[in-house]
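Results of the structural survey
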Amino acid sequence: MIKLFSILLISFSFSASKPVNKLEFYNAFKSNDKAVINKGIEQVKVGNSTTLTNAYLGALTMKSAQFPATPKEKIAVFKEGKILLEASIEKEPKNGEFRFLRIAMQEKSPKILHYNGNIEEDKKILFDNYASLELLVKKVIKKYAEESEVLSPGDFK
């Protein structure tokens, strides 16, 4: 009995503590392919529920809002993701990575959603915290800035 309990405990600790793979997340985040985004969502869901995984899940869910058939469904999916991303930012307001995700979502969201009110605030916090971000995240931000209308590569040195 103790042996069985030990095996269950060990297997649970391995399955429950899988960290999110940032490279896989950002590959899904830059994609507009439904299968790639959905796979990214599933991979994020496998990890522990943390502020980071909720931010990632929120951003990918918002991106997936382009796929439902009706405007009502699209808005519902977008709002579901927005709630997760906004909650993560509320918990970690100085997190530059979360602010980058919100900048990208605000810039790419249809104007009808009126999701663009925090771009300047997010840019300031992103610039203030850029130096402390992981190298992979910095590379993603610089690459994004090459095509962005609100960020430019010269902003990040």
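Computed from a predicted structure; not experimentally measured.

Side note on the overall build of the protein
- When helices and strands are tallied, the protein shows eight helices and zero strands.
- When the helices and strands of the protein are listed from N to C terminus, the series reads α-α-α-α-α-α-α-α.
- The buried share of the protein, reckoned over its 157 residues, is 39%.
- Of the contacts made within the protein by residues no fewer than 6 positions apart, 59% connect residues no fewer than 24 positions apart.
- Of the roughly 9600 Å² of accessible surface on the protein, a fraction of 60% belongs to carbon and sulfur atoms.

Brief notes about unusual backbone geometry
- Backbone geometry at histidine 114 places phi at a positive 55 degrees, although glycine is not the residue there.
- Take histidine 114: it is sitting in the loop between helix H6 (96–108) and helix H7 (119–129).
- Given a relative accessible area of 66%, histidine 114 falls into the exposed group.

Some thoughts on the nonpolar core
- In terms of nonpolar packing, the biggest core is built from 35 residues, with Phe25, Tyr26, Phe29, Phe100 and Leu101 touching the most fellow members.
- Beyond its immediate chain neighbours, meaning those up to four positions away, leucine 101 contacts Phe25, Tyr26, Phe29, Ala55, Tyr56, Ala59 and Leu85.

Some thoughts on helix H8 (residues 135–145)
- All of the buried residues in H8 are Val137, Val140, Ile141, Tyr144 and Ala145. The buried residues of H8 all sit within an arc of 135 degrees when viewed along its axis, so they share a single face. In H8, the exposed residues that point more than 90 degrees away from the buried face are Leu135, Lys139 and Lys143.
- Looking at the packing, one finds that the buried side of H8 touches helix H2 (22–30), H6 and H7.

Remarks on the pattern of salt bridges
- This structure, assessed with the given rule, holds 10 salt bridges.
- Between glutamate 121 and arginine 99 there is a salt bridge, with its nearest N and O atoms 2.8 Å apart. Placement of the pair is glutamate 121 in helix H7 and arginine 99 in helix H6, with a sequence separation of 22 residues.
- Residue glutamate 121 is classed as partly exposed on the basis of its relative accessible area of 40%.
- Since its relative accessible area comes to 4%, arginine 99 is described here as buried.
- Put simply, lysine 143 and glutamate 146 hold a salt bridge, and the shortest N to O gap is 3.5 Å.
- For lysine 143, a relative accessible area of 52% translates into the label exposed.
- If you follow the salt bridges from partner to partner, you end up with Glu86, Arg99, Arg102, Glu121 and Asp122 in one network.

Here is what the cut-offs are and how they apply
- Residues numbered from 1 in each chain as written.
- Predicted model: local features only at pLDDT ≥ 70, side-chain atom pairs only at ≥ 80, totals over all residues.
- Heavy atoms only, no water.
- Helix = DSSP H or I, 4+ residues; strand = E, 2+ residues; numbered from the N terminus.
- Buried < 20%, exposed > 50% of the residue type's maximum accessible area, 1.4 Å probe, protein only.
- Contact = heavy atoms within 4.5 Å.
- Areas by Shrake-Rupley, 256 points an atom, 1.4 Å probe, with all protein chains shown as cover.
- Core = buried A, V, L, I, M, F, W, Y, C linked by side-chain atoms within 4.5 Å.
- Arc of directions from axis to C-beta.
- Salt bridge = Lys/Arg side-chain N within 4 Å of Asp/Glu carboxyl O.

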